[in-house]
Amino acid sequence: MTHQSISLRGPTLKAVEQLVDRSEVRAIGNTVIVYPRIELSLEHLYAQEERFGALTAELSQKLDCTALGVVNLEDAVLLFWVYHEGKPIFQYDSNPMYLSCPVCSYSSETVSAEHGNVEQLCNLLDVPQNSKALKSWLVRRKGLGFLSESKRLEKILALLGLPLPISPVAAYKPQ
């Protein structure tokens, strides 16, 4: 199953609804969650990723807030971006060699899954005590097999103090 959402910390539901077109929007506590209607597929993931990241950055800038955009594509790839006031703070790709290796996506070359400072991310979301635990959930260790990206997403959101979206919306399919 594919999941995509943008969690916005701080703005009101009404402010968000005025900016998003044809997207489902829900408020959970002090977080507003947007379910964008962007078609996603493994074949075109990284081209689509740019569009999704740009939407996350745009909402963060226009609403002067912190935004976390998440894509869990078929439980195979977990991607997320964090922007604060439109500026990139953190980016994560659970499989950074995905479609980059000419033979396969698993290479002996070490490529970091995260780009950004975990401590800064946790400080921004007022959960500095969770930075060490978050780091352990962001790493895919060689030889330990694969973790369900849905479970990883649940744990990451909990450690960041963000609510789990109530009902994941499947990828948008144009009619």
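In this text the structure is predicted, and so the values were computed from the model without any measurement.

Cut-offs used in this document
- Residues numbered from 1 in each chain as written.
- Predicted model: local features only at pLDDT ≥ 70, side-chain atom pairs only at ≥ 80, totals over all residues.
- Heavy atoms only, no water.
- Helix = DSSP H or I, 4+ residues; strand = E, 2+ residues; numbered from the N terminus.
- Contact = heavy atoms within 4.5 Å.
- Areas by Shrake-Rupley, 256 points an atom, 1.4 Å probe, with all protein chains shown as cover.
- Core = buried A, V, L, I, M, F, W, Y, C linked by side-chain atoms within 4.5 Å.
- Buried < 20%, exposed > 50% of the residue type's maximum accessible area, 1.4 Å probe, protein only.
- pLDDT = per-residue confidence, 0-100.
- Phe/Tyr/Trp six-rings, centres within 6.5 Å; stacked < 30°, edge-to-face > 60°.
- Axes fitted to C-alpha atoms, helices over the stretch in contact; angles between N-to-C directions.
- Parallel < 35°, antiparallel > 145°, perpendicular 65-115°, else oblique.
- Left-handed = near helix turned anticlockwise from the far one by under 90°.
- Nonpolar A, V, L, I, M, F, W, Y, C, P; charged D, E, K, R; others polar.
- Pairing = 2+ DSSP bridges.
- Salt bridge = Lys/Arg side-chain N within 4 Å of Asp/Glu carboxyl O.

Colleague: Teacher, can you tell me more about the overall build of the protein here?
Modeller: Assigned secondary structure in the protein consists of five helices and seven strands. Traced from its N-terminal end to its C-terminal end, the protein shows the element sequence β-α-β-β-α-β-β-β-β-α-α-α. Expressed as a percentage of contacts within the protein between residues at least 6 apart in sequence, the contacts between residues at least 24 apart total 58%. Surface exposure of the protein reaches about 9,300 Å², of which carbon and sulfur atoms provide 52%.

Colleague: What am I meant to see in the nonpolar core here?
Modeller: Within soluble globular proteins, side chains that are nonpolar tend to cluster in buried spots. With 22 residues, the main nonpolar core has Leu68, Phe80, Phe90, Leu134, Leu138 and Leu160 as its most contacted residues. Within the residue set of this core, elements represented by two or more residues are strand E4 (66-73), strand E5 (77-84), strand E6 (87-93), helix H3 (118-124), helix H4 (131-138) and helix H5 (149-159). It is H5 that contributes the most residues to this core, four residues altogether. If we ignore the near neighbours within four places in the chain, the residues touching Leu68 are Ser5, Ile6, Ser7, Thr56, Phe80, Trp81, Val82, Leu157, Leu160 and Leu162. Counting 21 residues, the second-largest nonpolar core is a separate cluster that includes Val34, Phe52, Ala57 and Cys65.

Colleague: Could you clarify how one ought to interpret the confidence of the model for the protein in this entry?
Modeller: Should the pLDDT be low somewhere, the predicted coordinates at that spot are not to be read in detail. Looking at the protein, pLDDT values average 79 and 75% of them are 70 or higher. With pLDDT under 50 throughout, residues 98-105 is counted as low confidence; its partners more than four residues away or in other chains account for eight contacts. Taken as a whole, residues 168-175 scores under 50 in pLDDT and shows 18 contacts with residues more than four places along the chain or in a different chain.

Colleague: Just checking my understanding: could you explain the packing of aromatic side chains for this structure?
Modeller: The relation between two aromatic rings is expressed through the spacing of the ring centres and the mutual angle of the planes. Going through the model one piece at a time under the given rule, you end up with three aromatic pairs. For the pair Phe52 and Trp81, a centre-to-centre distance of 5.4 Å together with 45° between the ring planes defines the contact as tilted. One end of the pair, Phe52, is in helix H2 (residues 45-62); the other, Trp81, is in strand E5, and 29 residues separate them in sequence. Residue Phe52 is classed as buried on the basis of its relative accessible area of 0%.

Colleague: I would appreciate a short explanation of the packing of H4 against H5 in the present structure.
Modeller: To characterise two packed helices, one gives the angle between the axes of the helices and the distance between these axes. Axis separation between H4 and H5 bottoms out at 10 Å; the angle between their running directions is 165°. What the angle tells us is that H4 and H5 run roughly antiparallel. Between H4 and H5 lies a crossing of left-handed hand. Two secondary-structure elements touch here, H4 through Ala133, Leu134, Trp137 and Leu138 and H5 through Lys151, Arg152, Lys155, Ile156 and Leu159. Class assignment of the residues belonging to the contact of H4 with H5 gives a composition of six nonpolar, no polar and three charged.

Colleague: What's the story with the pairing of strand E1 (residues 3-9) in this structure? I'm lost.
Modeller: Along any regular strand the residues' side chains alternate between the sheet's two faces. The element E1 is largely enclosed, with a buried count of seven among its seven residues. Alternating positions in E1 separate into two faces, His3, Ser5, Ser7 and Arg9 on one and Gln4, Ile6 and Leu8 on the other, with burial throughout. One ladder, built from four bridges, connects E1 with strand E3 (residues 31-35); its direction is antiparallel. Paired with Arg9 across the bridge in E3 is Thr31.

Colleague: What is the right way to look at the pattern of salt bridges in this model?
Modeller: Opposite charge on two side chains allows them to pair when their charged atoms are near. Going through the model one piece at a time under the given rule, you end up with four salt bridges. A salt bridge links Arg26 to Glu24, with the shortest nitrogen-to-oxygen separation between them at 2.6 Å. A residue is classified by how much of its surface remains accessible, and Glu24, at 25% relative accessible area, is partly exposed. The partner of Lys135 in a salt bridge is Glu119, and the shortest N-O contact between them spans 2.6 Å. Residue Lys135 is found in helix H4, and its partner Glu119 is found in helix H3; the two are separated by 16 residues along the sequence. Take Lys135: its relative accessible area is 34%, and that puts it in the partly exposed class. With a relative accessible area of 33%, Glu119 lands in the partly exposed category.

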